[in-house]
Amino acid sequence: MVVTQGKGTQVMNHHFKWISKLVLALASIVSTQSFAKDLTVFDVRKTLPLSEKERVYQDYYINGGSEDGLKPGMLATVTRRMTLYDTYQNKSAGDLKVAVGRLKIIHVQKGISVARLHSLFSRTNRPVLDYDYIMVGDQIDMGSLSMDRGR
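Only a predicted model underlies this, so the values are computations on that prediction, with no experimental measurement involved. (Residues numbered from 1 in each chain as written. Predicted model: local features only at pLDDT ≥ 70, side-chain atom pairs only at ≥ 80, totals over all residues. Heavy atoms only, no water.)

1. Re the sheet that holds strand β2 (residues 58-62)
Going by this rule: Paired strands, in this sense, are two strands between which DSSP finds at least two bridges. Strands here mean DSSP runs of E at least two residues long; helices mean DSSP runs of H or I at least four residues long; both are numbered from the N terminus. Each axis is a line fitted through C-alpha atoms, taken for helices only over the stretch in contact, and angles between the N-to-C directions span 0 to 180 degrees.
Taking strand neighbours across the sheet as the criterion, the 6 strands line up as β1-β2-β5-β4-β3-β6 in an open arrangement whose pairing is antiparallel. What marks the edges here is a single partner per strand, and that holds for β1 (41-46) and β6 (139-147). Direction aside, the axes of adjacent strands within the sheet are offset by 40° on average. Examined bridge by bridge, strand β4 (residues 91-109) and strand β5 (residues 112-120) share 8 bridges and lie antiparallel to one another. Looking at β5, one finds that His107 is bridged to Val114.

Pasting the structure below:
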């Protein structure tokens, strides 16, 4: 038995290939976004000055590196998740994400980055935090990454 393909079959095959490529592309985008890991500050260390004139450096260690798109010279906003509880209704009110400050990345390798404080945000128009500085557990807002122009 010999089967021949007409123009209609060829057009359907072309559309099927195009649609399957589109579906695969969309699936890869969705899976990358849904499984993107949260980058957080996992350690904070600072130098111990031996004189008053010696500069103190404070380094923030981040659990992500070059594979996450981080590069030296990038600025990143750091946010803190605050879990709120409504005592009046006796239930969780949800989580509040509050921007704390910005870090400048100074060293990047696979899996780990090191950053230094660039600026802290004023609390004037932001919710009150228990601690007004960047600390272990704070998250890196990947959507805020930008290169420092004054590098």
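Read on, since the account is not over.
2. So, the layout of surface pockets
Worth spelling out the cut-off: Definitions used for this entry: grid spacing 1 Å over protein atoms alone; cavity, a set of points where a 1.4 Å probe fits but cannot get out; pocket, an open set with protein on both sides within 12 Å along at least 5 of 7 lines; lining residue, one with an atom within 4 Å of a point. Grid points are joined across faces, edges and corners, and a volume is the space filled by probe spheres set on the points. Think of it as three bins: nonpolar holds Ala, Val, Leu, Ile, Met, Phe, Trp, Tyr, Cys and Pro, charged holds Asp, Glu, Lys and Arg, and polar takes everything else, Gly as well.
Computed from the structure, the largest pocket encloses a volume of approximately 160 Å³. Contributing to the lining of the largest pocket are Arg55, Val56, Tyr57, Gln58, Tyr60, Ile106, Arg116 and Leu117. Counting only elements with at least two residues in the lining of the largest pocket, the list comes to β2 and β5. Class assignment for the residues of the lining of the largest pocket results in 5 nonpolar, 1 polar and 2 charged.

3. Some points on the nonpolar core
This is how the line gets drawn: Here, nonpolar core means buried Ala, Val, Leu, Ile, Met, Phe, Trp, Tyr and Cys residues that are tied together by side-chain atoms lying within 4.5 Å of each other. Accessible area is worked out with a 1.4 Å probe on protein chains only. A residue is then buried under 20% of its type maximum, exposed over 50%, and partly exposed in between.
Judged by nonpolar contacts, the single largest core of 18 residues is most densely connected at Val41, Ile62, Leu103, Ile105, Ile134 and Ile140. At the level of secondary structure, the elements contributing two or more residues to this core comprise β2, β3 (74-86) and β4.

4. Considerations on the pairing of β2
The buried fraction of β2 is high, at 4 of 5 residues. Note that β1 and β2 share 5 bridges and pair antiparallel. In the strand pairing of β2, Arg45 is matched with Asp59. Pairing geometry for β2 and β5, over 4 bridges, is antiparallel.

5. Digging into the side chain of Thr79
Keep this limit in mind: Contacts: residue pairs with any heavy atoms within 4.5 Å of one another.
Inspection of the secondary structure puts Thr79 in strand β3. Once you skip the residues sitting within four places of it in the chain, Thr79 turns out to touch Lys97, Val98, Ala99, Val100, Asp138, Gln139 and Asp141.

6. Brief notes about the packing of aromatic side chains
Ring pairs (aromatic) are described by centroid distance and by the angle formed between their planes. What counts, and what does not: Planes of paired rings set the category: under 30 degrees apart is stacked, over 60 is edge-to-face and the rest tilted, where pairs are Phe, Tyr or Trp rings (Trp by its six-membered ring) whose centres lie within 6.5 Å. Any Lys NZ or Arg CZ found within 6 Å of a ring centre and within 35 degrees of that ring's normal is scored as a charge over the ring.
Summed over all chains, the structure comprises 2 aromatic pairs. Consider the rings of Tyr131 and Tyr133, whose centres lie 5.9 Å apart with planes at 50°: the pair is tilted. Above the ring of Tyr61, the side-chain terminus of Arg45 is found at 5.4 Å from the ring centroid.

Worth remembering: the numbers are spatial, not functional.
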